[in-house]
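Here is how the chains run, residue by residue.
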Amino acid sequence: MTMNIWSAFEPSQLINFTIIVPLIGAALVLLLGKQPNLREAASITTAVVLFTLVLAVTDNTFNNVGMETTWVTLLPGLEVAFSVEPLGVLFALVASFLWIITTIYAIGYMRGHNEDNQTRFFFCFALSISTVMAICFSDNLLTLFIFYELLTLSTYPLVTHAGTEDAKHGGRVYLGILLSTSIAFLLFAILGTWVTAGTLEFTPGGIFNSEHSGNVVALLLVLFCYGIGKAALMPFHR
């Protein structure tokens, strides 16, 4: 039944919908900000719709239906593009399902504690889920990098939601570590990969081979590891 809802659309369109639907949900949260019951209903409904979308994507994946789409071509071989592969689908399934659970929990928590700025919280929550979907279905490192940065920015208000000095300090540390490591390490790892391999596309079996210098590949690996600040590797683990 779930699959039939989306069967009228092209498989490639489903990728766009997984990114756009949370954005629509974010807009609804803002529009209904002064009506908490409708605002929360919009959040839960959007989360459920997204999960059905990801189920449809999963069904296509199991049936070997190719799904890919390109948003922008910056240079030949350098695109903001998306495609579906099993590991990305797995992460999307987990994230979209947990959005339903965490939204229900957050509603009870926010109301139970009479939290301020609840509309802002649910708005940013929806934005972050949109970026997560884009990351799950990224076709290349450039797309991954762009939405990784957007994820950091969209989750900053969630980190500082309490509005206390401790929360604001934690938010500054959060932004400082994630932005500095991604720019200092991840960006250079991506540039190094482009120069070395001539492509940024995620490819089965990898894009490096015996012709590439082992030392260069090892250096790029270290840069990638420390460029993902959310991995919390020492000394960037606060």
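Residues numbered from 1 in each chain as written. Predicted model: local features only at pLDDT ≥ 70, side-chain atom pairs only at ≥ 80, totals over all residues. Heavy atoms only, no water.

Draft legend 1. The side chain of serine 83, seen in detail. Secondary-structure assignment places serine 83 in strand S2 (residues 78–83). For serine 83, the side chain forms a polar contact with the side chain of aspartate 139, separated by 2.7 Å. Excluding its chain neighbours within four sequence positions, the residues that come into contact with serine 83 are Ile15, Met67, Glu68, Phe137, Ser138 and Asp139. (Helix = DSSP H or I, 4+ residues; strand = E, 2+ residues; numbered from the N terminus. Polar contact = N/O pair within 3.5 Å; in protein donor to acceptor, adjacent residues only side chain to side chain. Contact = heavy atoms within 4.5 Å.)

Draft legend 2. How the structure looks around the pattern of salt bridges. Applying the stated rule across the entire model yields two salt bridges. The shortest N-O distance in the salt bridge between arginine 39 and glutamate 40 comes to 2.5 Å. For arginine 39, a relative accessible area of 4% gives the class buried. Residue glutamate 40 is classed as buried on the basis of its relative accessible area, which comes to 3%. Among the ionic pairs, arginine 111 bridges to glutamate 40, the shortest N-O distance being 3.3 Å. (Salt bridge = Lys/Arg side-chain N within 4 Å of Asp/Glu carboxyl O. Buried < 20%, exposed > 50% of the residue type's maximum accessible area, 1.4 Å probe, protein only.)

Draft legend 3. Fine view of the side chain of glutamine 118. By the element assignment, glutamine 118 lies in helix H5 (residues 118–136). Assessed through its relative accessible area of 13%, glutamine 118 is described here as buried. One polar contact links the side chain of glutamine 118 to the main-chain carbonyl oxygen of methionine 110, over a distance of 3.3 Å. If sequence neighbours within four positions are ignored, glutamine 118 has contacts with Arg39, Glu40, Met110 and Arg111.

Draft legend 4. Structural context of the pairing of strand S1 (residues 68–75). Pairing of S1 with S2 involves six bridges; the strand directions are antiparallel. Each residue of the ladder has a partner; that of leucine 75, found in S2, is leucine 78. (Pairing = 2+ DSSP bridges.)

Draft legend 5. Broad picture of helix H7 (residues 165–197). With 33 residues, H7 ought to run about 48 Å at 1.5 Å a step, and its terminal C-alpha atoms sit 46 Å apart, in line with that. Along its length, H7 shows its largest kink, about 40°, at serine 182. Immediately beyond the C-terminal end of H7, within one or two residues, lies glycine 198, with a positive phi of roughly 80°. (Expected span 1.5 Å × (residues − 1). Bend = angle between axes of the 7 residues up to and from the residue.)

Draft legend 6. Focus on unusual backbone geometry. Its identity is not glycine, yet asparagine 114 carries a phi of approximately 50°, on the positive side. Overall, the relative accessible area of 64% leaves asparagine 114 in the exposed class. A positive phi is found at asparagine 117, a non-glycine position, where the angle reads about 55°. Among the secondary structure elements, asparagine 117 is positioned in the loop between helix H4 (86–112) and H5. Note on asparagine 117: relative accessible area 43%, which makes it partly exposed.

Draft legend 7. Representation of a nonpolar patch on the surface in the model. Residues Leu87, Leu90, Phe91, Val94, Phe97, Leu98 and Ile101 make up a contiguous nonpolar surface patch of roughly 660 Å² in combined accessible area. Secondary-structure assignment places leucine 87 in helix H4. (Patch = residues over 30% accessible without salt bridge, like charges linked within 9 Å, V, L, I, M, F, W, Y side chains within 5 Å. Areas by Shrake-Rupley, 256 points an atom, 1.4 Å probe, with all protein chains shown as cover.)

Draft legend 8. Focus on the packing of helix H3 (residues 36–62) against H5. The contact between H3 and H5 brings their axes to 11 Å, and the two run at 10°. When the axes of H3 and H5 are compared, the pair comes out roughly parallel. Contacts between H3 and H5 involve Arg39, Glu40, Ser43, Leu50 and Val54 from the first element and Gln118, Thr119, Phe122, Ile129 and Met133 from the second. Residues of the contact of H3 with H5, tallied by class, amount to five nonpolar, three polar and two charged. (Axes fitted to C-alpha atoms, helices over the stretch in contact; angles between N-to-C directions. Parallel < 35°, antiparallel > 145°, perpendicular 65-115°, else oblique. Nonpolar A, V, L, I, M, F, W, Y, C, P; charged D, E, K, R; others polar.)

Draft legend 9. Main features of the packing of H3 against H4. Two numbers describe how H3 lies on H4: the axes approach to 9 Å, and their chain directions differ by 165°. Accordingly, the angle class assigned to the pair H3 and H4 is roughly antiparallel. As for the relative orientation of H3 and H4, their crossing is left-handed in sense. For the contact of H3 with H4, the residue count by class is 18 nonpolar, seven polar and two charged. (Left-handed = near helix turned anticlockwise from the far one by under 90°.)

Draft legend 10. Structural view of the packing of aromatic side chains. Scanning the entire structure with this criterion turns up twelve aromatic pairs. Ring geometry for tryptophan 71 versus phenylalanine 82: centroids 4.8 Å apart, planes at 65°, classification edge-to-face. Of this pair, tryptophan 71 sits in strand S1 while phenylalanine 82 is found in strand S2, placing the two residues eleven residues apart along the sequence. Three or more aromatic residues link up through ring pairs in this structure, and these residues are Trp99, Phe121, Phe122 and Phe125. (Phe/Tyr/Trp six-rings, centres within 6.5 Å; stacked < 30°, edge-to-face > 60°.)

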